[in-house]
Structure formats: C-alpha cells, structure tokens
Amino acid sequence: MSLKIDTIVNAKVTGITNFGAFVETEDGSKGMIHISEVSRSYVEDIKSVLKIGQAVRCKVISISPEGKIALSIKQLEPDTGEKKSQKKPRRSPPQRQFKKYEPAPAVTSPGDFEWQSSSKGGSFEDMMSKFKRTSEDKMSDLKRGESRGYSRRGNGSGRK
C-alpha cells in the first residue's frame, strides 16, 4: 500500500524523542509524529502521552520529496473549539521592584580637564599628577553610578 496525503493508517510507535515520535505503519513505511501533532491540548512531555510499542491511529499530513512521512494524531481528534484554553499557560513576568529615582552623577569628559598650566607655572609632572587624580575621581564616579543602576547610555538599566 503506498501512502497518500489524508490517508488514515494504523501505526506502532518505534521511538520517542523530545520533539516527536517515530512510527512504523502496517505496510512497513516509517514516519514521524511531531509533538505538536500528538494532541489538540498542550503536550509538554511526549512520553506522558505515547509509549514505545503503542499502537496509534494517525493521518498522513505530508510526504516530502525525500520520502519523509509526517503524521498526525491530533487531526483525527474532534475539534471542540476551545483552542485558547488548551494552549500552554504563559508565565507572567516577575514583578519588578523599582528603586526611587536618583539623578545620575555628573559625568565629565576628559576634554573638561584644564591642560594649560595654571598661572603658578606648574611643571609637567604636576600637570600629570593633577590629570591622574582627576581621572581616578571620574572613574570612581562612573563605577559608583553603575553600581546604582546607571549606565553611560542613559537607559537606567545598568546594562551595557
């Protein structure tokens, strides 16, 4: 017997995976029933519905050019019209606890540093020392702001 689309066949489950069950029809053809085609209600674990060696009645829903046969048990079940209640329930996201708004610390750019020596006529080493202190202060301000949930991008999420 050569299988055709919409043919109803009897088959035996020969293997089970997370995504479906492999079956062998009465005429020796091998096919697969995807987990979404097992039942009209949501199936989280196919092993709770089908067992190896179990006889099933299914419908041929497609045959690929390579000869792969897709079968469905679901399409033989009566449609009760209650699709919404049979879907997997969605989890609600966890409730977020928002912190009180605190303005971001003032961040200055390296361009704000006064590169010209002061009227005191400081040396290069004095200028480098002052630059290093200013830079370290700015970095600690940035790190403090990030630990409070601020980011450089301004989205307030603390993620970069």
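Residues numbered from 1 in each chain as written. Predicted model: local features only at pLDDT ≥ 70, side-chain atom pairs only at ≥ 80, totals over all residues. Heavy atoms only, no water.

When you go through the protein residue by residue, the secondary structure sums to 2 helices and 5 strands. Ordered by position in the sequence, the α and β elements of the protein form the string β-β-β-β-β-α-α. Long-range contacts, defined as pairs at least 24 residues apart, comprise 52% of the intrachain contacts of the protein with a sequence gap of at least 6. (Helix = DSSP H or I, 4+ residues; strand = E, 2+ residues; numbered from the N terminus. Contact = heavy atoms within 4.5 Å.)

The full count for this structure, using the stated rule, is 1 aromatic pair. The interplanar angle of 85° and the centroid separation of 6.4 Å between the aromatic rings of Phe 19 and Phe 22 together place this pair among those described as edge-to-face. Its relative accessible area of 42% is what places Phe 19 among the partly exposed residues. (Phe/Tyr/Trp six-rings, centres within 6.5 Å; stacked < 30°, edge-to-face > 60°. Buried < 20%, exposed > 50% of the residue type's maximum accessible area, 1.4 Å probe, protein only.)

On inspection of all chains with the given rule, the structure shows 3 salt bridges. A salt bridge links Asp 6 to Lys 59, with the shortest nitrogen-to-oxygen separation between them at 3.6 Å. With Asp 6 in the segment before strand 1 (8-16) and Lys 59 in strand 4 (residues 55-63), the pair connects residues that are 53 residues apart, well separated along the chain. Judged by relative accessible area, Asp 6 falls into the exposed class, the value being 53%. The exposure class assigned to Lys 59 is buried, which follows from its relative accessible area of 18%. Linking Lys 30 and Glu 24 is a salt bridge whose minimum nitrogen-to-oxygen distance equals 3.7 Å. (Salt bridge = Lys/Arg side-chain N within 4 Å of Asp/Glu carboxyl O.)

What follows is about the pairing of strand 2 (residues 20-25). With 5 bridges joining them, strand 1 and strand 2 adopt antiparallel strand pairing. Directly across from Ala 11, in strand 2, lies its bridge partner Thr 25. In this sheet, strand 3 (residues 30-34) lies alongside strand 2 in antiparallel orientation, the contact comprising 5 bridges. Within strand 3, the position partnered with Gly 20 by the bridge is His 34. Linking strand 2 to strand 3, which pair antiparallel, is a turn of 4 residues; within it Gly 28 sits at a positive phi near 95°. (Pairing = 2+ DSSP bridges.)

Spatially, 5 strands are ordered 1-2-3-5-4 in a closed barrel, and the strand pairing comes out mixed. Going from strand to strand, the sheet's axes swing by 55° on average, the running direction of each strand aside. (Axes fitted to C-alpha atoms, helices over the stretch in contact; angles between N-to-C directions.)

So, on to the environment of Ser 2. As for its placement among the helices and strands, Ser 2 is situated in the segment before strand 1. Accessibility expressed as a relative area gives 57% for Ser 2, which makes it exposed. As for Ser 2 and Ser 29, which are separated by 27 residues in sequence, their C-alpha atoms are 8.7 Å apart.

Turning to the nonpolar core, a few remarks are in order. Formed by 19 residues in total, the largest nonpolar core has its most connected members in Val 23, Ile 33, Ile 46, Leu 50, Val 56, Cys 58 and Leu 71. Within the residue set of this core, elements represented by two or more residues are strand 1, strand 2, strand 4 and strand 5 (69-72). If one sorts the elements of this core by residue count, strand 1 sits on top with 4 residues. (Core = buried A, V, L, I, M, F, W, Y, C linked by side-chain atoms within 4.5 Å.)

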